[in-house]
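The primary structure of each chain is shown beneath.
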Number of protein chains: 2
Amino acid sequence: MVFKALLQAVNMIPTINYNTQLELVELIDQTRLPLEKSILRCTHEDEIVQAIKTMQIRGAPAIGVAAAYGVFLGLQRFNGSEKTFSAFWPGLVDMLASTRPTAVNLFWALDRMRQTVETILHTQGKFIERLAMARQGALKEAQAIQNEDIAMCRAIGRYGAEFLKDGQTWITHCNAGALATAGYGTALGVFRAAQEQGKKFRVFVDETRPLLQGSRLTAWELREENIDATLICDNVAGSLMANGKIQAVVVGADRITAHGYVANKIGTYPLAVLASFHNIPFYVAAPASTFDLKLTLGRRIAIEERDPGEVRSFGARPTAPFDMPVFNPAFDVTPPELVSAIFTNVGVLKPPFSASIREKMARIPTQAAFTARKA
Amino acid sequence: MVFKALLQAVNMIPTINYNTQLELVELIDQTRLPLEKSILRCTHEDEIVQAIKTMQIRGAPAIGVAAAYGVFLGLQRFNGSEKTFSAFWPGLVDMLASTRPTAVNLFWALDRMRQTVETILHTQGKFIERLAMARQGALKEAQAIQNEDIAMCRAIGRYGAEFLKDGQTWITHCNAGALATAGYGTALGVFRAAQEQGKKFRVFVDETRPLLQGSRLTAWELREENIDATLICDNVAGSLMANGKIQAVVVGADRITAHGYVANKIGTYPLAVLASFHNIPFYVAAPASTFDLKLTLGRRIAIEERDPGEVRSFGARPTAPFDMPVFNPAFDVTPPELVSAIFTNVGVLKPPFSASIREKMARIPTQAAFTARKA
C-alpha cells in the first residue's frame with residue numbers, strides 16, 4: 001500500500017536530517033505527499049533555498065531546521081580565502097533569510113547559526129583551521145536545533161493534551177504536525193500525546209486551501225497514527241460549530257508577538273472568530289522559537305503573498321479564467337482576544353498574553369539571545 | 001480566445017432553454033466551465049435528472065427551470081393510455097423531485113407544472129386530446145417559469161443595487177449568477193444592475209470549495225461583464241474584513257424559511273458570522289420561489305451531503321489518503337439574526353423577517369399557491 005510504504009519512509013528518516021554517511025541533507029518533498037514518496041537530497045545551500053520557497057519543506061519549525069542546515073551546506077562548500085569569506089558569509093545568511101517572510105523560526109535559527117559560526121571564526125589561528133571548526137560547529141548547532149525542536153514538540157503535546165478531554169471532538173487547520181517540525185508536531189503533537197495517554201477523541205481536519213496541507217499532510221499523518229480523523233472543506237467548520245459538534249480548535253503558529261498576536265496559515269483567523277462566536281476554546285500550539293518578542297502588534301508582521309497560480313489552477317488544470325486577478329495571502333493574524341491559551345514547550349500561556357509571554361519567555365536563554373532579524 | 005467564444009455561446013443560448021426547432025432542451029454544461037464550451041442537449045427526462053444530480057446544471061432557480069422542462073420532456077415522450085399515465089405521472093414528478101433535497105425552487109416549479117398539467121387533464125374529452133393540450137400547457141408553463149425567473153432577477157438586481165454605494169467593495173460566495181438562474185442572476189444581478197447604473201465598485205469572489213463555483217463560474221461571469229473582480233480562497237474573507245477592505249456581503253439562497261433562516265452553499269454561514277463580527281452588512285438575494293413558507297426553523301431544512309470524492313480528489317488527481325473519511329455537506333443554514341436584508345423581486349425585506357416575509361410574500365399569488373412538497 002502506497003501510504004504504508006510512505007509511512008515507513010517517513011519513519012526511516014525525519015522530516016529533515018543530515019545524512020552523515022552520504023554527507024548531504026535529506027528532506028521529504030512535501031509537495032509530492034500524500035501520493036508519492038520522494039526524498040530530496042541537497043548538497044548545496046541553493047537547493048535548500050529552493051526547497052523552502054517552493055514549500056517542498058514547510059511549517060515554521062521545519063523551515064528553521066532547514067535553514068540551519070543550509071548554513072552548514074554553504075560553509076561546507078566554501079573553499080576560498082578569509083577575504084572572500086567576508087563577502088560570502090552575509091550573502092549566505094541573507095539568501096536563506098529571504099526565502100519566506102512570515103515564520104520567525106527561520107530568522108531565529110539563522111541567528112543561532114550565525115552566532116555559533118561567528119564566535120568560532122573570531123578566535124585565534126589559521127583561517128583554514130577556524131573554518132574547519134566553524135563547519136563542525138555549524139553541523140552540531142543545526143543538529144541541536146533539530147533535536148531541541150522534537151523535544152519542544154513533545155513538551156507542547158504533553159501540556160496541550162491536558163486540555164483534551166475523553167470523548168471530545170477538536171478541529172485543526174493546515175499542518176502543524178511532524179512534517180511541519182523536525183518531528184512529532186505542535187498542534188498534532190497534542191493529538192499524538194493524547195493518543196499515547198489512551199484518550200478517545202475525534203479530529204476534524206480543514207483541507208486548508210489553496211495548497212491543501214490539511215488533506216495532503218495532516219489527514220495522512222493522523223490516519224497513520226490511527227487517530228479518528230475526518231476531512232472537511234475549510235468552509236464546513238462554521239456549521240459544525242453551530243451544530244455543537246466541536247469542543248475546541250488547535251492550530252500551530254508561524255509567529256507570535258510579545259502581545260500574543262498569532263500569525264498562522266490563512267484561514268486561522270476566521271476559525272478563531274467562529275470559535276469565539278460559538279464559545280469554543282481556541283488554542284495555539286508553538287515552541288519558544290515561534291515567539292518574536294521584538295514585535296507587539298500583529299499588523300507589524302510581514303504577510304507573504306504567494307503566486308496567483310496556486311488559486312487559478314490545480315496542478316496543470318485551470319480552475320478560473322487564466323487572467324483572473326487573485327489575492328493569495330499565505331497567512332493571517334489572529335488577535336490575542338480570540339486566543340484561549342497557547343501551548344508552549346515551557347508551559348501553557350493564558351491571557352493576558354503580554355504578561356504571560358513576558359514571564360515565561362524571559363526564562364528561555366536561547367530565546368532571549370536570538371530574535372528576528374527582519375520585522 | 002476561449003472565454004470570448006464561450007461568452008458568445010452563453011449569449012447565444014440562455015443557461016437552459018427549449019429549442020423549438022430541434023425540439024429538445026439545451027443547457028450549458030457547467031461542470032466544464034470555464035474552459036470548455038459544451039451544450040448538453042436533452043430529449044429525455046432522465047437526462048435532466050442526471051444533469052441536476054451531477055450539477056451540470058446547478059443554482060436553485062436554474063434547477064427549478066430544468067425540472068419544469070423535465071416534466072415537459074416526460075409528457076412529450078409518453079405515448080401510453082390514460083391508465084398507464086396514472087402510474088407514469090407521479091413517478092415522473094417524484095423522480096425529478098428526488099434529484100437534490102435542499103433548494104426549494106425545484107419543488108415549487110414541480111408543483112406549478114403538476115397543477116398546470118393536472119388541471120388540463122381533468123377537463124372533458126378524449127385522453128389523447130387532453131394529453132396533447134397538457135403537453136402544450138407544460139411547455140408554456142416551463143417557458144413562463146424561465147421568463148419569470150429572468151424578470152425576477154432583474155427586479156432583485158434593481159432593489160439590491162440601491163444598497164451598493166460608489167467606491168465600495170463587496171464579497172460574494174458561490175455562483176448566484178446568470179448561470180444559477182434562467183439568466184442575469186440574483187446576487188450577481190445586484191452587481192449587473194449597479195454596473196448598468198454606472199457605479200464603480202469592486203467584488204471579491206470566494207472560490208467556493210469543493211466544486212469551485214466561485215472561481216469557475218462567478219469569476220468568469222464578472223470578468224465577462226468587465227466588473228472589477230478578484231478571486232480569493234474562501235478562508236481569505238476574514239482577514240480582508242479585519243483589514244477594513246469589505247463593505248458588504250451578498251449571496252444567493254437555496255431556501256429561505258418563513259422566519260428568515262437561509263440555506264445556501266456551504267461557507268455562507270461562516271461568512272455571515274464574520275460579517276456580523278466585523279459589523280459589515282450581510283445581504284441575501286433571492287426570488288419569491290426560494291421562500292418555503294411551510295418551514296419556520298432552519299434545522300428543518302434537509303441538507304444534502306455529497307460524495308467524499310469531491311474533497312478527496314481533484315478531477316482524477318487524489319489530494320488526500322484514498323480512504324480518508326470526509327464530511328461534505330453542500331449547504332449550511334444562516335439564522336435571521338445574521339442577515340441584514342433580503343433583496344427579492346417584490347422588494348427589500350428587513351428584520352424582523354418573520355413579519356416582513358409574511359407581509360411581502362403573502363401578496364405573491366404564485367407563491368401562495370405553490371409550496372414545497374418535501375420538508
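Residues numbered from 1 in each chain as written. Chains lettered and ligands numbered in written order. Predicted model: local features only at pLDDT ≥ 70, side-chain atom pairs only at ≥ 80, totals over all residues. Heavy atoms only, no water.

### Focus: the overall build of chain A
Step number 1: Regarding its fold elements, chain A presents 13 helices and 16 strands.
Step number 2: The C-alpha radius of gyration of chain A comes to 20 Å, within 12% of the 21 Å expected for a compact globule of 375 residues.
Step number 3: A buried classification covers 63% of the 375 residues belonging to chain A.
Step number 4: Look at the contacts in chain A between residues 6 or more apart in sequence, and 74% of them connect residues 24 or more apart.
Step number 5: For chain A, the exposed surface amounts to about 13700 Å²; the carbon and sulfur share of it is 51%.
Step number 6: On chain A, the mean spot of the 40 positive side-chain charges and the mean spot of the 35 negative ones are 2 Å from each other. (Helix = DSSP H or I, 4+ residues; strand = E, 2+ residues; numbered from the N terminus. Rg over C-alpha atoms; globule rule 2.2 N^0.38 Å. Buried < 20%, exposed > 50% of the residue type's maximum accessible area, 1.4 Å probe, protein only. Contact = heavy atoms within 4.5 Å. Areas by Shrake-Rupley, 256 points an atom, 1.4 Å probe, with all protein chains shown as cover. Lys, Arg positive; Asp, Glu negative; His and termini not counted. Charge placed at Lys NZ, Arg CZ, Asp CG, Glu CD.)

### Observations regarding the packing of helix 10 (residues 268-277) of chain A against helix 10 (residues 268-277) of chain B
Step number 1: Between helix 10 of chain A and helix 10 of chain B, the least distance of the axes is 10 Å, while the angle of their chain directions is 80 degrees. The orientation of helix 10 of chain A relative to helix 10 of chain B falls into the category roughly perpendicular. Where helix 10 of chain A abuts helix 10 of chain B, its residues Y269, P270, V273, L274 and F277 of chain A lie against Y269, P270, V273, L274 and F277 of chain B.
Step number 2: Taken together, the residues of the contact of helix 10 of chain A with helix 10 of chain B break down into ten nonpolar, no polar and no charged. (Axes fitted to C-alpha atoms, helices over the stretch in contact; angles between N-to-C directions. Parallel < 35°, antiparallel > 145°, perpendicular 65-115°, else oblique. Nonpolar A, V, L, I, M, F, W, Y, C, P; charged D, E, K, R; others polar.)

### Let's talk about the relation of the copies chain B and chain A
Step number 1: Superposing chain B onto chain A takes a rotation of 180 degrees plus a shift of 0.0 Å along the axis, which leaves an RMSD of 0.0 Å. Here the symmetry operator amounts to a two-fold rotation axis.
Step number 2: Looking at the interface residues of chain B, 100% of them are also at the interface in chain A, so both copies use one shared face. (Least-squares fit on C-alpha atoms with pLDDT ≥ 70 in both.)

### A word on the pattern of salt bridges
Step number 1: Evaluation of the coordinates by the stated rule reveals 34 salt bridges over all chains.
Step number 2: D292 of chain A is the partner of R255 of chain A in a salt bridge, and the nearest nitrogen-oxygen pair spans 2.8 Å. Pair noted here: R255 of chain A is in strand 8 (residues 255-257) and D292 of chain A is in strand 11 (residues 291-292), with a separation of 37 residues, a long-range link. D292 of chain A carries the same exposure label as R255 of chain A, and that label is buried.
Step number 3: Residues D111 of chain B and R114 of chain B are paired through a salt bridge, measuring 2.3 Å at the closest nitrogen-oxygen approach. Here D111 of chain B pairs with R114 of chain B, and both are found in helix 5 (residues 105-121), just three residues apart, close to one helical turn. (Salt bridge = Lys/Arg side-chain N within 4 Å of Asp/Glu carboxyl O.)

### Thoughts on the side chain of R100 of chain B
Residue and element names in this part refer to chain B.
Step number 1: Along the chain, R100 turns up in the loop between helix 4 (82-97) and helix 5.
Step number 2: Since its relative accessible area comes to 6%, R100 is described here as buried.
Step number 3: At a separation of 2.9 Å, a polar atom in the side chain of R100 contacts the side chain of E304.
Step number 4: Here R100 is in contact with I52, M55, R58, I63, L106, F107, K265, E304, R306, A330 and F331, once residues within four sequence places are set aside. (Polar contact = N/O pair within 3.5 Å; in protein donor to acceptor, adjacent residues only side chain to side chain.)

### Points about the interface of chain B and chain A
Step number 1: Contact residues are listed per partner, giving 52 residues for chain B and 52 residues for chain A.
Step number 2: Both faces considered, chain B and chain A share a buried interface measuring about 4500 Å² in area, 73% of it formed by carbon and sulfur atoms.
Step number 3: On the surface where chain B and chain A come into contact, there are four salt bridges.
Step number 4: Put simply, R223 of chain B and D323 of chain A hold a salt bridge, and the shortest N to O gap is 3.1 Å.
Step number 5: Applying the counting rule to chain B against chain A returns 19 residue pairs in polar contact (both at pLDDT 80 or more). (Buried area = accessible area lost by both parts, 1.4 Å probe.)

### So, the sheet that holds strand 2 (residues 24-28) of chain B
Residue and element names in this part refer to chain B.
Step number 1: One open sheet holds the three strands; their spatial order is 1-2-3, and the pairing between them is antiparallel. Two strands in the sheet have a free side with no partner beyond their single neighbour: strand 1 (16-19) and strand 3 (39-42). Mean inter-strand twist for the sheet, computed between neighbouring axes without regard to direction, equals 25 degrees.
Step number 2: Taken together, the four bridges between strand 1 and strand 2 define a ladder with antiparallel strand orientation. Residue pairing across strands places N17 opposite E26, the latter belonging to strand 2.
Step number 3: Contacts from helix 3 (residues 60-77) reach strand 1, strand 2 and strand 3 within the one sheet, and its direction differs from that of strand 1 by about 25 degrees. (Pairing = 2+ DSSP bridges.)

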